Amino acid sequence: MESLRESARFESADGTVRMLMALHDGKQVESVFIPERMRDTVCISSQVGCAVDCQFCMTAKMGLERNLSAKEIAGQVGHVIAKWKLVMRERPFNVVMMGQGEPLLNLDAVLEATAMMMDQKGMSVAPRRISLSTSGIIPKIEELGRAEKRPRLAVSLNASHQEQREKIMPITKKWRLDDLIRVCKEFPLKKGERILFEYVMLDGVNDTLEDARRVVELLRGMDATVNLIAWNAAPGIDFKRPEDAKVAAFQAVVQAAMPCYQRKPRGRDISAACGQLKLVALEGSPALLAR
Ligand code: SF4
């Protein structure tokens, strides 16, 4: 299965492990294993770099180098399963395509990889445990909804109105927020399924109570869950992390209308947290374990 090999590993004080995976052509991507008390999470990449220019994201600085093949995407999960001896039936784990890349810009390979992961004779990952996160490529969300076997949908929302979203996610100029909300409302959900909306909170940019109220209005009527991620500092990116009290106040407003959680920052010391995956950030890491 593996068409890639672990070339370096970095371990966080909180147990999160970030792996550099070398590909056959010398390029590298990153995968992250996040152990938790109840269930573990494997975060994988779908592209080398990314063409979507989210202003808060380290990966964006790489640009897009190439798509990963289905084998390279599923192979990251196969690698983690083998290393940590994960068995879905004994201790469920989640697979999230939230590493490098915009999965919907490599949708054919992502769907093929999803089928490989679900294969009962192979990795046997439960379908409801695989999800992908998109910046909001509207026609591709519709295409995903038509797929027979597909990952769950997570949307990187990060703003409460069009103008604000354009500033931090320029792709919104092409794929507008109102259209994004419309396709999410029309997305065919399975029984018990919800769409996860991720919201990276940037101090002074998108973190007011007004923003929280607008988010509630945008998502009203949807089976939505909101995941708040207080900005993780990354070198060369000029945003600040909001204070905990601000994040809590925002959460309280959204939570009154729909499930809303704060994502615990994991692996911050090894640049493995959200928006921090970029190869150069590994240089000088104090936690190099293997090569
Ligand atoms: S947040 Fe995701 S879609 Fe946006 S630039 Fe980073 S990797 Fe690409």
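Residues numbered from 1 in each chain as written. Predicted model: local features only at pLDDT ≥ 70, side-chain atom pairs only at ≥ 80, totals over all residues. Heavy atoms only, no water.

*Asks:* Please explain the overall build of the chain as it appears in this structure.
*Replies:* Looking only at helices and strands, one finds seven helices and 13 strands in the chain. Taken against the 2.2 N^0.38 rule, which gives 19 Å for 291 residues, the C-alpha radius of gyration of the chain at 18 Å falls within 12% of a compact globule. Expressed as a percentage of the 291 residues in the chain, the buried residues total 56%. Long-range contacts, defined here as pairs at least 24 residues apart, represent 68% of the contacts in the chain between residues at least 6 apart. Surface summary for the chain: the accessible area is close to 13100 Å², and the carbon and sulfur share equals 50%. Positive and negative charge centroids in the chain, built from 43 and 37 side chains respectively, lie 4 Å apart. (Helix = DSSP H or I, 4+ residues; strand = E, 2+ residues; numbered from the N terminus. Rg over C-alpha atoms; globule rule 2.2 N^0.38 Å. Buried < 20%, exposed > 50% of the residue type's maximum accessible area, 1.4 Å probe, protein only. Contact = heavy atoms within 4.5 Å. Areas by Shrake-Rupley, 256 points an atom, 1.4 Å probe, with all protein chains shown as cover. Lys, Arg positive; Asp, Glu negative; His and termini not counted. Charge placed at Lys NZ, Arg CZ, Asp CG, Glu CD.)

*Asks:* For this particular structure, what's the right way to read unusual backbone geometry?
*Replies:* Excluding glycine, residues mostly carry a negative phi; peptide bonds, for their part, are mostly trans. Even without glycine at this site, Ser124 takes up a positive phi of about 55°. Looking at the secondary structure, you find Ser124 in the loop between α2 (107-118) and β8 (130-134). Even without being a glycine, Asn158 presents a positive backbone phi close to 65°. Within the secondary structure, Asn158 sits in the loop between β9 (152-156) and α4 (162-168).

*Asks:* I'm lost on the site of the ligand in this one. Help?
*Replies:* Contacts to the ligand come from Cys50, Val52, Cys54, Cys57, Ala60 and Gly101. Its residues assigned to classes, the shell around the ligand comprises five nonpolar, one polar and no charged. (Near = heavy atom within 4 Å. Nonpolar A, V, L, I, M, F, W, Y, C, P; charged D, E, K, R; others polar.)

*Asks:* What should I look at first to understand the packing of helix α1 (residues 70-84) against α2 in this one?
*Replies:* The description of two helices packed together rests on the angle between their axes and the distance between the axes. Two numbers describe how α1 lies on α2: the axes approach to 8 Å, and their chain directions differ by 40°. When the axis of α1 is compared with that of α2, the two are oblique. Judged by the sense of rotation from one axis to the other, the crossing of α1 with α2 is right-handed. Residues Ala70, Lys71, Ile73, Ala74 and Val77 of α1 lie in contact with α2, whose contacting residues are Ala109, Val110, Glu112, Ala113, Met116 and Met117. Its residues assigned to classes, the contact of α1 with α2 shows nine nonpolar, no polar and two charged. (Axes fitted to C-alpha atoms, helices over the stretch in contact; angles between N-to-C directions. Parallel < 35°, antiparallel > 145°, perpendicular 65-115°, else oblique. Left-handed = near helix turned anticlockwise from the far one by under 90°.)

*Asks:* Hey, could you run me through the environment of Gly145 in this one?
*Replies:* Counting through the fold element by element, Gly145 comes out in helix α3 (residues 138-146). Separated by 42 residues in the primary sequence, Gly145 and Phe187 have C-alpha atoms spaced 5.9 Å apart. Leave out the neighbours within four places in its chain, and Gly145 touches Arg150, Phe187 and Pro188.

*Asks:* For this particular structure, what's the right way to read the pattern of salt bridges?
*Replies:* Side-chain pairs of opposite charge can arise where the charged atoms are in close proximity. Within this structure, the stated rule accounts for 19 salt bridges. Where Asp25 meets Arg66, a salt bridge forms, and the shortest distance between an N and an O atom there is 2.7 Å. Taken together, the residues span a long stretch of sequence, with Asp25 in the loop between β2 (17-23) and β3 (28-34) and Arg66 in strand β6 (residues 64-67) at a distance of 41 residues. Each of Glu210, Asp211, Arg213 and Arg214 takes part in one network of salt bridges that share partners. (Salt bridge = Lys/Arg side-chain N within 4 Å of Asp/Glu carboxyl O.)

*Asks:* Honestly, the confidence of the model for the chain in this entry has me stumped. Any pointers?
*Replies:* In this model, the chain carries an average pLDDT of 90, and 91% of its residues clear a pLDDT of 70 or more. Low pLDDT, under 50, characterises residues 280-291; the stretch is placed with 24 contacts to residues that sit more than four places away or in other chains. (pLDDT = per-residue confidence, 0-100.)

*Asks:* Explanation requested: the pairing of β8 in the structure shown.
*Replies:* Side-chain positions along a regular strand alternate between the two faces of the sheet. Judged by how many residues are buried, β8 sits mostly within the fold: five of five residues are covered. Residues Ile130, Leu132 and Thr134 line one face of β8 and the alternating positions Ser131 and Ser133 line the opposite face, and both faces are buried. By the bridge criterion, three bridges tie strand β7 (residues 93-97) to β8 in an arrangement that is parallel. By the bridge assignment, Val95 is partnered in β8 with Ile130. (Pairing = 2+ DSSP bridges.)

*Asks:* I keep staring at the packing of α3 against helix α5 (residues 177-186) and nothing clicks. Help me out?
*Replies:* Packing of α3 against α5 leaves a shortest axis separation of 10 Å and a crossing angle of 5°. Accordingly, the angle class assigned to the pair α3 and α5 is roughly parallel. In contact with Ile138, Ile141 and Glu142 of α3, α5 contributes Asp179, Leu180, Arg182 and Val183.

*Asks:* For this particular structure, what's the right way to read the pairing of strand β1 (residues 4-11)?
*Replies:* The element β1 is largely enclosed, with a buried count of six among its eight residues. Sheet topology places β1 next to β2; seven bridges connect them, and they run antiparallel. Residue pairing across strands places Arg9 opposite Met19, the latter belonging to β2. Remark: five residues form the turn of the hairpin made by β1 and β2, two consecutive strands paired antiparallel; Gly15 in that turn has positive phi of roughly 95°.

*Asks:* Help me out: how do you make sense of the side chain of Glu102 in this one?
*Replies:* Its place among the elements puts Glu102 in the loop between β7 and α2. One buried charge, Glu102, has no salt-bridge partner; the nearest side chain with opposite charge is Arg165, at 8.0 Å. Not counting the four nearest positions on each side in its chain, Glu102 is found in contact with Ser46, Gln47, Cys50, Val52, Ser133, Thr134, Ser135, Gly136 and Ile137.

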